[in-house]
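# Commentary on secondary and tertiary structure
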Amino acid sequence: KSVRKYRLLALHLQPQGQLLSSPEKPNQMFQPRSHLMTATSIPHIGIFPSIRVGTSACSRRTTPRPSSHVVTKPAVSCISSMGTSSDIKPEISSRGFNYVRAQSAARLPRGTNSRGVFFVHAGSTQKVCIVNTPSGGHAVLGYYLAKELAEAGHKVTICTACEEGSKKMLKAPFTSWDELRDLGVKTLWGEPSTMASNCKKSDFDIIVDNNGKTLETVQPVIDWAKSIGAKQFLFVSSAGIYKPSVVLPVTEEAAVKESSGHAQVEKYASEVKGLEWSSFRPQYMVGRLNNKDCEEYFFDRIVRGRPIVIPGSGEQIVNIAHAADNAHMIALAVGNKDAYGQIYNCVRDKGVTLNGFVAMCGEAANMTANVVHYDPEKLGVEAKKQFPFRTEYHFFTTPANALKTLNWEPKSTLAKDLVERFAEYKAMTERMYAEMTFEADDAILDTLGWKANE
């Protein structure tokens, strides 16, 4: 009777999809000086086109300067990766009586709360164990995932893959483990190969591996999950698994590097009988407590009046999400039959060019953000050692599957994230006012005959 009651209530609240309309523009990401494009209208953008100087991604071409670099003040260039909506069917979630949700074969209009016309938080409690990496950009995902699951009433254990006394534990997000313990999260340490002894006969419903990059590391965790009767295995993979593609945005069906460790883990997990699995492929992440610099790399230079030195044209498209949004996507798969056997691009629903991201960082700091472009091949520079993002090709994936099967949507925008992150950056006075050297940047600038204080 209760299920029928809430089903009828949902239908009553949603006559002819009225609640699914939104006055908010579906493609808007960052209004000031932005040039927005849908995924179906992305032009071909060369990595080294003729020099462009202007205020948008469609800025006018100018005659190239004799030198091999150009200094610009880039505006934002954002790409929307999803578009239309379709027929909506309200129904009870297959996860049990958690909420009434709206299913769609395509993305709902932006601004719609696709996770429920009417929300009832009354799902069964899951016992979740997160095997967390002790370093790197994925470490913060474990923090946000444990936090969200604990706040939702699940019993959460997080096991960090190192010794408790490791120096790695002196860095974020591990310095905030007390916040998790205050929420009832159990914190453990130990190698993935010894999970049975690490957890001391504990039984779990769901195992999340947010640590391994190779089958050698992850297989013991999968085998342990199977041995204790866990129902579900969630693997945090990487969007770096994809082969470079000229078709954008990259969906979950795109070709992968089959020899990569992440691909081998996904293949092994898919073949284990009796253990439901899902894989999540994140890209770059911003957010508090990140173990790896992302936005800080840009803030460090902007506040000191230095240019951002970018390999290539700066028109390369990337996807940068908040770690909390990524963790929320993973949380939606916990105990969710719709997620069984699925692969998800764990990313934001919009992309941004490197030039655009620099401009957004400048806007967030309310400071001028200048850019110097260079050709790494001509200068003999290994770009990945100088710049934090991939620059050889467009690295732009879309969360199409999560929008469809999880009814996920990001809770924030990149512009908002950067404003919040810069406020937090200013509060870190030991970094904001620290003496810093930028040897890799200076070497490139010197070769180009450009002085950092000009």
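Residues numbered from 1 in each chain as written. Predicted model: local features only at pLDDT ≥ 70, side-chain atom pairs only at ≥ 80, totals over all residues. Heavy atoms only, no water.

### Overview of the nonpolar core
In this structure, Ile130, Leu145, Val208, Leu234, Phe280, Met329 and Leu406 are the most contacted members of the largest nonpolar core, which totals 41 residues. Ranked by residues supplied to this core, first place goes to helix H2 (residues 139–151) with 9 residues. Every residue in contact with leucine 234, bar those within four places of it in the chain, is listed here: Ile206, Ile207, Val208, Asp209, Ser278, Phe280, Ile330, Ala333 and Val334. Ranked by size, the runner-up nonpolar core spans 40 residues in total, among them Cys294, Val352, Ala364 and Phe389. (Core = buried A, V, L, I, M, F, W, Y, C linked by side-chain atoms within 4.5 Å. Buried < 20%, exposed > 50% of the residue type's maximum accessible area, 1.4 Å probe, protein only. Helix = DSSP H or I, 4+ residues; strand = E, 2+ residues; numbered from the N terminus. Contact = heavy atoms within 4.5 Å.)

### Considerations on the environment of alanine 402
Structurally, alanine 402 is set in helix H12 (residues 400–406). Alanine 402 sits in the buried class, given a relative accessible area of 0%. Each C-alpha atom of the pair alanine 402 and valine 347 lies 9.4 Å from the other, and the pair is 55 residues apart in sequence. Residue contacts for alanine 402: discarding those within four places in its chain leaves Glu252, Met329, Tyr344, Asn407 and Trp408.

### Concerning the packing of H2 against helix H8 (residues 323–333)
Between H2 and H8, whose axes approach to 8 Å, the crossing angle comes to 55 degrees. With respect to each other, H2 and H8 are oriented oblique. Between H2 and H8 lies a crossing of right-handed hand. Contacts between H2 and H8 involve Val140, Leu141, Tyr144, Leu145, Glu148 and Leu149 on the former and, on the latter, Ala323, Ala324, Asn326, Ala327, His328, Ile330 and Ala331. For the contact of H2 with H8, a count of residues per class yields 10 nonpolar, 2 polar and 1 charged. (Axes fitted to C-alpha atoms, helices over the stretch in contact; angles between N-to-C directions. Parallel < 35°, antiparallel > 145°, perpendicular 65-115°, else oblique. Left-handed = near helix turned anticlockwise from the far one by under 90°. Nonpolar A, V, L, I, M, F, W, Y, C, P; charged D, E, K, R; others polar.)

### What to know about the environment of phenylalanine 422
Mapping phenylalanine 422 onto the fold places it in helix H13 (residues 414–427). Linking phenylalanine 422 and glutamate 295, residues 127 residues apart in sequence, is a C-alpha distance of 8.5 Å.

### Here we look at the packing of aromatic side chains
Tallying each qualifying case throughout the model produces 17 aromatic pairs. Residues tyrosine 143 and tyrosine 144 carry aromatic rings whose centres are separated by 5.1 Å and whose planes lie at 80 degrees to one another, so their mutual orientation is edge-to-face. We classify tyrosine 143 as buried; its relative accessible area is 1%. What links up through ring pairs into an aromatic cluster is the set Tyr284, Tyr297, Phe298, Phe357, Phe387, Phe389, Tyr393 and Phe395. Over the aromatic face of tyrosine 297 sits the side chain of arginine 301, whose NZ or CZ is 3.7 Å from the ring centroid. Between arginine 390 and the ring centre of phenylalanine 395, over which it is positioned, the NZ or CZ distance is 4.7 Å. (Phe/Tyr/Trp six-rings, centres within 6.5 Å; stacked < 30°, edge-to-face > 60°. Lys NZ or Arg CZ within 6 Å of the ring centre and 35° of its normal.)

### Remarks on unusual backbone geometry
A cis amide bond links alanine 172 with the next residue in sequence, proline 173, at an omega value of 0 degrees. Inspection of the secondary structure puts proline 173 in the loop between strand S8 (155–160) and helix H3 (177–182). A cis geometry characterises the amide bond from leucine 248 onward to proline 249, with omega recorded as -10 degrees. Structurally, the position occupied by proline 249 is in the loop between strand S11 (232–236) and helix H6 (261–271). Positive phi values are uncommon outside glycine, yet asparagine 366 reaches one of about 55 degrees.

### Considerations on the pattern of salt bridges
When the charged atoms of two side chains with opposite charge come close together, those side chains can pair. Applying the stated criterion across every chain yields a total of 17 salt bridges. Between arginine 421 and glutamate 295 there is a salt bridge, with its nearest N and O atoms 2.4 Å apart. Here arginine 421 is found in helix H13, whereas its partner glutamate 295 is found in helix H7 (residues 295–302), with 126 residues between them in sequence. Accessibility expressed as a relative area gives 0% for glutamate 295, which makes it buried. (Salt bridge = Lys/Arg side-chain N within 4 Å of Asp/Glu carboxyl O.)

### A few points about the pairing of strand S18 (residues 350–353)
In the case of a regular strand, side chains alternate between the two sheet surfaces. Here S18 shows two buried faces, one formed by Lys350 and Val352 and the other by Gly351 and Thr353. Where strand S15 (residues 317–318) and S18 come together, 2 bridges link them in antiparallel fashion. The partner of valine 318 across the bridge, within S18, is valine 352. (Pairing = 2+ DSSP bridges.)

### Quick notes on the confidence of the model for the protein
Should the pLDDT be low somewhere, the predicted coordinates at that spot are not to be read in detail. Within the protein, residue pLDDT values average 79, and 72% of them lie at 70 or more. Note that pLDDT drops below 50 for residues 1–122; the model gives that stretch 263 contacts with residues more than four away or on any other chain. (pLDDT = per-residue confidence, 0-100.)

### Let's talk about H13
Over its 14 residues, H13 runs 20 Å from end to end, which matches the ideal 20 Å to within 8%, given 1.5 Å per residue. Listed in full, the buried residues belonging to H13 are Leu414, Ala415, Asp417, Leu418, Arg421, Phe422 and Tyr425. The arc that holds every buried residue of H13, seen down its axis, measures 150 degrees, which confines them to one face. (Expected span 1.5 Å × (residues − 1). Arc of directions from axis to C-beta.)

### Observations concerning the packing of H7 against H13
Running from N to C, H7 and H13 point in directions that differ by 60 degrees, and their axes come no closer than 11 Å. Judged by the twist between their axes, the crossing of H7 over H13 is right-handed. Only Leu418, Arg421, Phe422 and Tyr425 of H13 make contact with H7, whose side of the interface consists of Glu295, Glu296, Phe299 and Asp300. Across the contact of H7 with H13, the residue classes tally to 4 nonpolar, no polar and 4 charged.

### Some remarks on the sheet that holds strand S12 (residues 276–282)
Sheet architecture is open: 7 strands sit in the order S9-S8-S7-S10-S11-S12-S17, paired in parallel fashion. In this open sheet, the two strands that pair with only one neighbour each are strand S9 (186–189) and strand S17 (342–346). Each strand axis lies, on average, 20 degrees off the axis of its neighbour in the sheet, ignoring direction. Relative to S11, strand S10 (residues 206–210) runs parallel, the two being bridged by 4 bridges.

### Description of the pairing of S12
Burial analysis of S12 places 6 of its 7 residues in the buried class, the great majority of the element. Where S11 and S12 come together, 5 bridges link them in parallel fashion. Paired with phenylalanine 233 across the strands is tryptophan 277, a residue of S12. Tracing the backbone out of S11, into H6 and back to the parallel element S12 gives a crossover that is right-handed. (Right-handed = clockwise from strand over helix to strand, strands pointing away.)

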